[in-house]
Amino acid sequence: MAGELKIGLRGEASTRVTEDNTALAYGSGGARVFATPAMIGLMEKAALSSVDPLLEPGQVTVGIRVDVEHLAATPVGMEVVATSELVEIDGRRLVFKVEARDEHELIGRGTHERFIVDGERFLSRAAAKLKSTS
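Calculation notes
- Residues numbered from 1 in each chain as written.
- Predicted model: local features only at pLDDT ≥ 70, side-chain atom pairs only at ≥ 80, totals over all residues.
- Heavy atoms only, no water.
- Core = buried A, V, L, I, M, F, W, Y, C linked by side-chain atoms within 4.5 Å.
- Buried < 20%, exposed > 50% of the residue type's maximum accessible area, 1.4 Å probe, protein only.
- Helix = DSSP H or I, 4+ residues; strand = E, 2+ residues; numbered from the N terminus.
- Contact = heavy atoms within 4.5 Å.
- Pairing = 2+ DSSP bridges.
- Polar contact = N/O pair within 3.5 Å; in protein donor to acceptor, adjacent residues only side chain to side chain.
- Salt bridge = Lys/Arg side-chain N within 4 Å of Asp/Glu carboxyl O.

**Quick word on the nonpolar core**
Here comes step 1: Core analysis: the biggest nonpolar cluster contains 25 residues, and Leu-5, Phe-34, Val-51, Val-80, Leu-94, Phe-96 and Ile-107 have the highest contact counts within it.
Here comes step 2: Taken together, the elements giving at least two residues each to this core come down to helix H2 (36-51), strand S3 (79-90), strand S4 (93-102) and strand S5 (106-118).
Here comes step 3: With seven residues, H2 is the largest single contributor of residues to this core.
Here comes step 4: Those residues within four positions of Phe-96 in sequence are excluded, and the remaining contacts are Ala-47, Ser-50, Val-51, Ser-84, Glu-85, Leu-86, Val-87, Gly-110, Thr-111, His-112 and Arg-114.

As structure tokens, then:
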């Protein structure tokens, strides 16, 4: 398994708030501000960016848990940066501390868990669902 993974690994991902990632566009609210689902996705991207390059060939990580607070609204036009820090490794389960900031303040924080899986087997199991519903 991924021997290079270690506590303290950090990741980062950023995006600009556009009409496409507002709460209104996501259907998660009625305001033209950065959507909570978009913030969570950015936090996940930060976390996976830190560990995916270190995995063995064929392995990927999948998100299994998110526990975050969305603390402040960010309007269209501002940049948002999400950061992650790997704080726990329990076998194939990885736990990250995540935060998101806009150009003005901290807008979100919490924890995110990912699980290391065999990519091919994972996709095969998902595809099998299609066969069982036909």
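**Things to note about the pairing of S4**
Here comes step 1: As defined by bridge partners, S3 adjoins S4 across 10 bridges and the pair is classed as antiparallel. Looking at the pairing, Ser-84 lines up with Val-98 of S4.
Here comes step 2: In textbook terms, the turn of a hairpin is the stretch between consecutive antiparallel strands, and for S3 and S4 this stretch comprises two residues, one of which, Gly-91, has a positive phi near 65 degrees.
Here comes step 3: The pairing of S4 with S5 spans nine bridges and is classified as antiparallel. Bridging across to S5, Arg-93 finds its partner in Phe-115.
Here comes step 4: Between the end of S4 and the start of S5, which pair antiparallel, lie three residues.

**Details of the environment of Ile-64**
Here comes step 1: Checked against the element boundaries, Ile-64 lands in strand S2 (residues 59-70).
Here comes step 2: When the C-alpha atoms of Ile-64 and Val-95 are compared, they prove to be 10.0 Å apart, with 31 residues separating the residues in sequence.
Here comes step 3: Each residue touching Ile-64, except ones within four places of it in the same chain, is listed here: Arg-93, Glu-113, Arg-114 and Phe-115.

**Quick look at the environment of Thr-36**
Here comes step 1: The topology assignment puts Thr-36 in helix H2.
Here comes step 2: Since its relative accessible area comes to 33%, Thr-36 is described here as partly exposed.
Here comes step 3: Along the sequence, Thr-36 and Gln-59 sit 23 residues apart, while their C-alpha atoms lie 28 Å from each other.
Here comes step 4: Reaching out from Thr-36, the side chain makes a polar contact with the side chain of His-70 at a distance of 2.7 Å.

**Some thoughts on the pattern of salt bridges**
Opposite charge on two side chains permits pairing when their charged atoms draw close.
Here comes step 1: One pass over the structure, following the stated rule, counts 10 salt bridges.
Here comes step 2: In this structure, the salt-bridge partner of Arg-16 is Glu-103, at a minimum N-O distance of 3.8 Å. Here Glu-103 lies in the loop between S4 and S5 and Arg-16 lies in strand S1 (residues 10-16), a separation of 87 residues in the sequence.
Here comes step 3: On the accessibility criterion, Glu-103 (54% relative accessible area) is exposed.

**Comments concerning the side chain of Thr-61**
Here comes step 1: Note that Thr-61 resides in strand S2.
Here comes step 2: A distance of 2.8 Å separates a polar atom in the side chain of Thr-61 from a polar atom in the side chain of Asp-52.
Here comes step 3: Within polar-contact distance, the side chain of Thr-61 engages the side chain of Arg-114 at 2.8 Å.
Here comes step 4: Those residues in contact with Thr-61 that sit more than four places away from it in its chain are Leu-48, Val-51, Asp-52, Leu-55, Leu-94, Arg-114, Phe-115 and Ile-116.

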